Amino acid sequence: MWRDALSRPDAAALTTPGAARAVDFAGERLLVWPAGVVTWPRARTLFVADLHLEKASWYASRGRPLPPYDSAETLARLGHCLAAHRPRRVVCLGDSFHDADAGSRLGDAERALLDRLVADHDWHWVLGNHDPALPAGLGGRAAQTLDLAPLVCRHAAEPGAVAELSGHYHPKVRLRAAGGTRAHRCALLTPERHLILPAFGAFTGGLDVTDRAFAPLLSDRSMALALGRARVVAVDLPA
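As the structure is a computational prediction, the values presented were derived from the model and not from experiment. (Residues numbered from 1 in each chain as written. Predicted model: local features only at pLDDT ≥ 70, side-chain atom pairs only at ≥ 80, totals over all residues. Heavy atoms only, no water.)

A word on the pattern of salt bridges
Convention followed: By definition, a salt bridge exists where a carboxyl oxygen of Asp or Glu is found within 4 Å of a side-chain nitrogen of Lys or Arg. Labels follow the DSSP assignment, with helices taken as runs of H or I lasting at least four residues and strands as runs of E lasting at least two, numbered in each case from the N terminus. Three exposure classes are used, based on accessible area relative to the maximum for each residue type with a 1.4 Å probe and protein chains only: buried under 20%, partly exposed in between, and exposed over 50%.
Under the counting rule described, the total for this entry stands at eight salt bridges. When the shortest N-O distance is used, the salt bridge between D115 and R111 registers 2.9 Å. Here D115 and its partner R111 are both found in helix α4 (residues 108-119), four residues apart, which amounts to about one turn of the helix. Two residues, E158 and R154, come together in a salt bridge whose shortest N-O distance is 3.6 Å. For E158, a relative accessible area of 42% puts it in the partly exposed group.

Next up, the structure:
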């Protein structure tokens, strides 16, 4: 799918040490990967945001038919990331499902893969605005906020938070390229306060980091961590 102007990361970039961008966040070393996940090596934890499973079928149910393959691609890529990084704990930062009925539309093969991934890890679902309740029978544990001291996890960033990981905004940044500019998914970092993850789902749009919605979450030290094909590039934001 990858419907925005982004390049699919090389498979090797999931694990090659030079591909990730190390971030010192609240005294912890986190790694931002081109695939759009963040790992916390000391705690053997992988963070991912905004899977939006079954978004295409939601549109189809409203008269806008789209190819029904977004969930299969999203889960396959997530499975690849988990196999590469081998975390003990997985934290999904909300909007894992696009709507309250998404679980009932998930295909048998996709549900089986999801159940297997959840069963193989200490799995935590942070609830989002699209999925305030999870499908019946889903494994793992769910919460509005997850405290993993010194880090705190929630779906949407709160302006006064400290050491917070979140999703929700689907941040993107435009970089100069031959022939013009190109949009890249990115993580958005305000040191010691916020790390907003990119949307991981195969059928997700994005919000440019210059949008005023981000203003309460930024400081003069904020930066975008743009996801490239084989590396993550730090981009200072305009004052």
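Focus on α4
Filter applied, for reference: Take the number of residues in a helix, subtract one, and multiply by 1.5 Å to get its expected span. Taking the helix axis as origin, the arc is that swept by the directions to the C-beta atoms.
Its twelve residues place the ends of α4 16 Å apart at the C-alpha level, agreeing with the 16 Å of an ideal helix rising 1.5 Å per residue. What α4 keeps buried is the set R111, L114, L117 and V118. The buried residues of α4 all sit within an arc of 125° when viewed along its axis, so they share a single face. Residues of α4 that are exposed and point more than 90 degrees away from the buried face comprise D108, A109 and A119.

A look at the sheet that holds strand β7 (residues 141-143)
Using the following cut-off: Strands are treated as partners if at least two bridges between them are detected by DSSP. Only the stretch in contact is used when a helix axis is fitted, and all axes are lines through C-alpha atoms; the angle between N-to-C directions ranges over 0 to 180 degrees. Here a residue-residue contact requires only that any non-hydrogen atoms of the pair lie within 4.5 Å.
Judged by pairing direction, the sheet is mixed, and its seven strands sit side by side in the order β1-β2-β3-β4-β5-β6-β7 without closing on themselves. Of all the strands in the sheet, just β1 (21-25) and β7 have a single pairing partner and so form its edges. Each neighbouring strand pair of the sheet contributes to a mean axis angle of 25°, computed without reference to strand direction. Examined bridge by bridge, strand β5 (residues 89-92) and strand β6 (residues 122-126) share four bridges and lie parallel to one another. Each bridged residue has a counterpart across the sheet, and for C92 the counterpart in β6 is W125. Of the strands in this sheet, β3 (38-40), β4 (45-48), β5 and β6 are in contact with helix α2 (residues 70-85), which crosses β4 at around 160°.

Some details on the environment of H98
Let me state the cut-off plainly: A 3.5 Å cut-off defines polar contacts: any pair of N or O atoms within that distance qualifies, except that in protein one atom must be a possible hydrogen donor and the other a possible acceptor, and neighbouring residues in sequence count only when both atoms are side-chain atoms.
Positionally, H98 belongs in the loop between β5 and α3 (102-105). In this structure H98 comes out as buried when scored by relative accessible area, which is 6%. Remark: the alpha-carbon pair of H98 and L51, spanning 47 residues in sequence, is separated by 7.9 Å. In terms of polar contacts, H98 uses its side chain to reach the side chain of H52, at 2.9 Å.

As for the side chain of H184
Residue placement: H184 occurs in strand β12 (residues 180-190). Under the relative-accessibility criterion, H184 is labelled buried at 14%.

Details of the pairing of strand β15 (residues 223-227)
Of all five residues in β15, four are buried; the element is thus mostly enclosed. With four bridges joining them, β12 and β15 adopt antiparallel strand pairing. Directly across from L189, in β15, lies its bridge partner M223. As paired strands, β15 and strand β16 (residues 232-236) are joined by five bridges and run antiparallel to one another. By the bridge assignment, L225 is partnered in β16 with A234. The hairpin formed by β15 and β16 contains four residues between the paired strands.

So, unusual backbone geometry
Here A149 and P150 are connected by a cis peptide whose omega angle stands at 10°. Tracing the sequence through the fold places P150 in the loop between β8 (145-148) and β9 (151-154). A positive phi angle, near 55°, is found at A163, a position not held by glycine. On the basis of relative accessibility, which here comes to 3%, the residue A163 falls in the buried class.

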